[in-house]
Amino acid sequence: MIELNSVSGAFTLLSSDINAWLYLLPGLAIGLVFGAMPGISITMAMAFALPATLYMEFLPAIVFLTAIYTGAGFGGSVPAVLMGIPGTSSAVATTFDGYPMARKGQHSEALGIALASSVIGCLASYVMLFVLIVPISGVVLKLGPLEMFAVAVWGMLLLGSLAGTQMSRGLLAGTFGVLLGTVGMNTAGFVRGTIGIPWLLDGVPQIPAMMGLLAASQLIGLINTTYLIEDEGSRNISFAKILGGVRQAFRYPTIIFRGSLIGVIIGAIPGVGSSISNLLSYSETKRNAADGDTFGQGNPKGVIAAEAANSSSEGGAMATMLALGIPGGGATAILLAAFAMHNIVGGPSFIAHNKDIVYAVIFSNFAQAVLLFFVGLGFVYVAGYVVRVPLRFLIPSVLVVSTFGAYAIEGSSAGPITLWVFSVLGWAMVRYGYPVAAAVVGLLLGSLLEGNLLRTNQISGGDFIGYGLERPWALVIFALMLGSILLQVISKRRRVKQAALAAAQTG
Amino acid sequence: MSTKSGRKVIWGHLILLTVITGVVVAYLLDARGVSLRTNNLLLVQPAAILAFVLAAFVLPGIFPRADAAEEAETEGETRGDLVRVFILIAALAGLAFSLEVVGFDIATFAFMVIGLAVCGERRWWANLLFSAVFTVVLIYGYGTITPFPFPLTIL
């Protein structure tokens with residue numbers, strides 16, 4: 001699995017080129033700052049830096065861009081924790097427990113937990129990539145629409161765990177989200193629900209809609225509050241508490257390992273990536289946790305699960321990009337563009353002839369993850385001061401920044417208008433007990449579900465079961481899904497029995 | 001708001017559910033109007049029917065008994081609080097729809113002034129100063145890192 005000659009070649013490459021190391025720190029800093037801005041995606045941060053890599057050597061250029069990738073991956077989690085705004089779509093699940101923790105005055109701990117989980121998740125993913133890059137690339141080639149559909153269905157199962165106390169409202173929110181996610185032209189060429197608006201042909205703009213549902217709606221609801229954290233004493237930013245959060249993350253190695261594994265596997269599937277892996281990891285952790293009922297109310301395990309998965313997706317996406325030359329998302333597409341700028345074609349022939357460069361990129365990512373810990377510590381300390389800003393200044397300011405971000409993504413008023421529509425919808429949903437997170441998940445997965453269901457229908461000629469039996473990987477995914485549900489039912493029964501026993505003993 | 005049978009109506013929730021089901025009905029009719037082929041309706045039609053079934057389950061919650069403790073989340077909220085929320089929502093609509101018409105600078109400054117006032121900033125000089133500085137910093141700061149130019153009128 002590991003070629004020692006190439007590993008030694010990678011060390012030689014890295015030790016002979018000081019430039020490869022010089023660009024690590026600026027790359028991480030750019031990524032952190034851009035990722036923390038609502039509306040500035042990882043892709044946008046990398047696209048912004050891409051022209052600067054034209055005059056660099058190949059290895060420093062790739063190291064610089066992957067450093068931005070790593071930095072922006074964690075940067076998106078900072079506003080997710082502090083304001084409930086997922087800076088990127090991969091930080092959606094971080095808001096579920098990170099933001100409630102911040103509202104309870106545990107913002108320092110939540111940021112520490114997020115940072116440590118991200119760093120460990122990123123490291124773990126590159127260790128897996130180092131060992132498994134060759135087998136992973138073999139598996140990815142065998143994944144078809146049915147397997148992708150299975151993954152999306154697995155993501156949809158999250159709706160059940162997000163539904164909260166009012167199951168019917170949660171499921172309605174999720175189903176409504178799925179329907180909105182299918183607006184526009186589907187993969188078979190049918191145009192629905194655009195009400196004559198040209199920009200809806202591509203579907204509802206997801207990031208502005210997500211920002212509106214999750215963030216702007218919360219901000220509107222906070223208009224009668226003075227500070228994000230009501231208790232004045234809890235507003236302090238504490239370095240000790242951030243480090244306490246870091247230590248807390250280390251207490252849950254299983255959650256981190258599970259999150260990293262889900263992140264690598266889902267991240268490696270083109271078109272799925274980190275926006276689903278964080279949700280899946282969150283839902284699996286919630287299912288397995290003894291205190292699953294407290295998820296969504298500020299349970300640190302939720303933050304660990306989400307962050308470990310979204311940061312480790314980077315390793316999975318890199319595996320597909322390096323081994324097959326297939327970009328799993330925008331960020332890896334930009335990396336491929338950087339390859340092209342240096343007259344290098346990614347894919348099987350690249351990995352076959354340049355294993356030393358591949359391993360050098362992997363090793364530099366180890367260094368990035370370690371460096372992210374120290375740079376991130378300083379960054380979250382400074383960013384944490386946002387909780388001390390009075391809400392009368394914060395609410396209009398963040399709404400304007402979100403509006404600018406929505407415009408920057410779409411390049412027209414489509415973004416801000418979508419943001420506004422979904423802000424109002426989100427505010428009303430929160431007010432009447434509908435979990436907006438379920439609508440967000442539905443919206444993210446709607447087109448993916450429909451596209452892969454259609455392709456499966458076309459390939460199978462309508463015989464889903466017969467076709468499914470010929471697809472071992474789809475069966476594996478469905479089996480894993482069923483297994484996780486069964487385990488949840490068993491552990492729930494066990495918990496109920498234990499609680500009944502405890503009640504009988506005390507009674 | 002109580003009916004004769006001792007039940008009350010949560011009007012806001014009723015409006016929300018009407019909007020959700022209305023959108024689903026309109027979407028389903030539009031999709032069926034485009035084509036009745038499987039490749040068009042494979043996911044949309046079952047999902048829409050599921051949404052109607054779920055909406056039927058939600059409906060009783062909109063008409064709770066007058067003595068029920070449900071929907072307590074709006075308790076303690078005055079009419080004034082709600083008016084402020086609606087002003088902020090209207091101002092955000094104004095910002096979203098006028099950015100390209102009046103320019104990002106004017107639209108942003110106007111929204112900031114209204115937003116700060118609605119959110120509770122009583123010092124007019126602090127409001128105007130913060131709004132002006134924030135607008136300038138944001139337009140020049142964000143403008144340099146975004147790929148699309150912001151239409152401006154004054155700056």
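Once a new chain begins, its residue numbering starts again from 1 and follows that chain's sequence as written. The order in which chains are written sets their letters, starting at A; the order in which ligands are written sets their numbers, starting at 1. Residues qualify for local features only when their pLDDT is at least 70, as the model is predicted, and side-chain atom pairs are given and counted only at 80 or more; totals for whole chains, interfaces and linings, by contrast, use all residues. Processing note: side-chain calculations cover all non-hydrogen atoms of the structure and skip hydrogens and water entirely.

(A) Spotlight on the overall build of chain A. Numbering goes from the N terminus for both helices and strands, where a helix is a DSSP run of H or I of at least four residues and a strand is a run of E of at least two. On a plain count of helices and strands, chain A comes out with 23 helices and 2 strands. Summary of the burial criterion: residues with accessible area below 20% of their type's maximum are buried, those above 50% are exposed, and those between are partly exposed, where the area comes from a 1.4 Å probe applied to protein chains only. Residues classed as buried in chain A amount to 63% of the 507 residues present. Contacts are assigned to residue pairs that have any heavy atoms within 4.5 Å of one another. Partitioning the contacts of chain A with sequence separation of at least 6, the portion at a separation of at least 24 is 80%. For accessible areas, the Shrake-Rupley method is used with a probe of radius 1.4 Å. Any residue's cover is judged against the shown protein chains and nothing else. Here chain A displays about 17,800 Å² of accessible surface, and carbon together with sulfur accounts for 66% of that area.

(B) Geometry of helix H5 (residues 104–119) of chain B. Take the residue count of a helix, subtract one, and multiply by 1.5 Å to get its expected span. With 16 residues, H5 of chain B extends 21 Å from end C-alpha to end C-alpha; this agrees with the ideal 22 Å at 1.5 Å per step. Along H5 of chain B, the residues that are buried comprise Phe104, Asp105, Ala107, Thr108, Phe111, Met112, Gly115, Leu116, Val118 and Cys119 of chain B.

(C) Structural detail: the UniProt feature "transmembrane region" (unreviewed entry) in chain B. Residue and element names in this part refer to chain B. According to UniProt, the feature "transmembrane region" (unreviewed entry) maps to residues 12–29, 41–63, 83–112 and 124–143 in the numbering used here. Measuring from the first to the last C-alpha atom of residues 12–29 gives 26 Å, for a span that is 100% helix and 0% strand. Along residues 124–143, the helical share is 100% and the strand share 0%, with 28 Å between the first and last C-alpha atoms. UniProt positions are given in the numbering used here, feature names are shortened, and annotations may be inferred rather than shown by experiment.

(D) Spatial organisation of the interface of chain A and chain B. Counting residues at the interface gives 66 residues for chain A, matched by 72 residues for chain B. What counts as buried area is the accessible surface, traced by a 1.4 Å probe, that two parts surrender upon association, with contributions from both included. For the pairing of chain A and chain B, the buried interface totals around 6,000 Å² over both sides, and the portion due to carbon and sulfur atoms is 76%. Think of a salt bridge as a Lys or Arg side-chain nitrogen and an Asp or Glu carboxyl oxygen that are within 4 Å of each other. Our count for the contact surface shared by chain A and chain B stands at 1 salt bridge. When the shortest N-O distance is used, the salt bridge between Glu121 of chain B and Arg392 of chain A registers 2.7 Å. The term polar contact refers here to a pair of N or O atoms within 3.5 Å; inside protein, the definition further demands a hydrogen-donor-capable atom paired with an acceptor-capable atom, and it admits residues adjacent in sequence only when both atoms are side-chain atoms. Our enumeration of links across chain A and chain B arrives at 11 residue pairs in polar contact (both at pLDDT 80 or more).

(E) Just the packing of aromatic side chains, in detail. Pairing of aromatic side chains here covers Phe, Tyr and the six-membered ring of Trp, requires ring centres within 6.5 Å, and sorts the geometry by plane angle: under 30 degrees stacked, over 60 edge-to-face, intermediate tilted. Per the stated rule, a full pass over the model turns up 18 aromatic pairs over all chains. With centroids separated by 4.8 Å and ring planes inclined at 65 degrees, the aromatic side chains of Phe393 of chain A and Phe130 of chain B adopt a geometry described as edge-to-face. Taken together, the positions of Phe393 of chain A in helix H19 (residues 391–410) and Phe130 of chain B in helix H6 (residues 124–145) put the pair across two chains. Judged by its relative accessible area of 14%, Phe393 of chain A falls in the buried class. Seen in terms of ring centroids, Tyr407 of chain A and Phe150 of chain B are 5.8 Å apart; in terms of plane orientation they differ by 55 degrees. Their pairing is tilted. You can see Tyr407 of chain A sitting in helix H19 and its partner Phe150 of chain B sitting in the segment after H6, one on each of two chains. The exposure class of Tyr407 of chain A is buried, given its relative accessible area of 4%. A relative accessible area of 10% means that Phe150 of chain B is categorised as buried. Members of the aromatic cluster, connected to one another through ring pairs, are Phe130, Tyr359, Phe363 and Phe366 of chain A. We note Arg169 of chain A situated over the ring of Tyr434 of chain A; from NZ or CZ to the ring centre the distance is 5.9 Å. Whether a charge sits over a ring comes down to the Lys NZ or Arg CZ being within 6 Å of the ring centre and within 35 degrees of the ring normal.

(F) Inspection of the packing of helix H11 (residues 206–221) of chain A against helix H21 (residues 436–460) of chain A at higher detail. All names here are of chain A. For helices, the fitted axis covers only the stretch in contact; all axes are lines through C-alpha atoms, and the angles between them, taken along N-to-C directions, range from 0 to 180 degrees. Orientation of H11 relative to H21, taken along the N-to-C sense of each, is 170 degrees, at an axis distance of 9 Å. The angle between the axes of H11 and H21 places the two elements in the roughly antiparallel class. Contact residues: Gln206, Ala209, Met210, Leu213 and Leu214 in H11; Val436, Ala437, Ala439, Val440, Leu443, Leu444 and Ser447 in H21. Three classes are used: nonpolar for Ala, Val, Leu, Ile, Met, Phe, Trp, Tyr, Cys and Pro, charged for Asp, Glu, Lys and Arg, and polar for all others, with Gly counted as polar. Considered class by class, the residues forming the contact of H11 with H21 number 10 nonpolar, 2 polar and no charged. Every angle not falling under 35 degrees, over 145, or within 65 to 115 is termed oblique; those three ranges are roughly parallel, roughly antiparallel and roughly perpendicular.

(G) Representation of the packing of helix H10 (residues 167–181) of chain A against helix H3 (residues 44–58) of chain B in the model. Relative orientation of the contacting elements H10 of chain A and H3 of chain B amounts to 155 degrees, with a least axis distance of 9 Å. Relative to H3 of chain B, the element H10 of chain A is oriented roughly antiparallel. The handedness of the crossing between H10 of chain A and H3 of chain B comes out as left-handed. Each of Ser168, Arg169, Leu171, Leu172, Thr175 and Leu179 of chain A in H10 of chain A lies in contact with H3 of chain B, whose residues at this interface are Val44, Ala47, Ala48, Leu50, Ala51, Leu54, Ala55, Phe57 and Val58 of chain B. When the residues that make up the contact of H10 of chain A with H3 of chain B are grouped by side-chain class, the tally is 12 nonpolar, 2 polar and 1 charged. Left-handed describes a crossing in which the near helix is turned anticlockwise from the far one by less than a right angle; the clockwise case is right-handed.

(H) The arrangement of the environment of Gly73 of chain A in detail. Summarising the element assignment, Gly73 of chain A is placed in helix H5 (residues 58–75). Sequence separation between Gly73 of chain A and Glu314 of chain A is 241 residues, and the spatial gap between their C-alpha atoms is 8.2 Å.

(I) Representation of the nonpolar core in the model. Only buried residues count toward a nonpolar core, which is a set of Ala, Val, Leu, Ile, Met, Phe, Trp, Tyr and Cys residues joined through side-chain atoms within 4.5 Å. Among the nonpolar cores identified, the biggest contains 195 residues, and Met46, Leu172, Met318 and Met429 of chain A are the most heavily contacted of them. Domain segmentation is taken from an automatic or database assignment of domains. Inspection of this core shows a minimum of three residues originating in each of domain 1 (11–74) and domain 2 (79–145) of chain B. Excluding residues that lie within four positions of it along the chain, Met318 of chain A makes contacts with Thr66, Tyr69, Tyr126, Leu129, Ala323, Thr332, Leu335 and Val361 of chain A.

(J) Examining unusual backbone geometry more closely. Residue and element names in this part refer to chain A. One non-glycine residue with positive phi stands out, namely Ile195, at about 40 degrees. One can find Ile195 in the loop between strand E2 (191–192) and H11. For Ile195, a relative accessible area of 73% gives the class exposed.

(K) Focus on the side chain of Ser413 of chain A. Considering the arrangement of structural elements, one finds Ser413 of chain A in the loop between H19 and helix H20 (414–431). Dropping the residues within four chain positions of it, Ser413 of chain A is found in contact with Tyr407 of chain A together with Ala96 and Glu100 of chain B.

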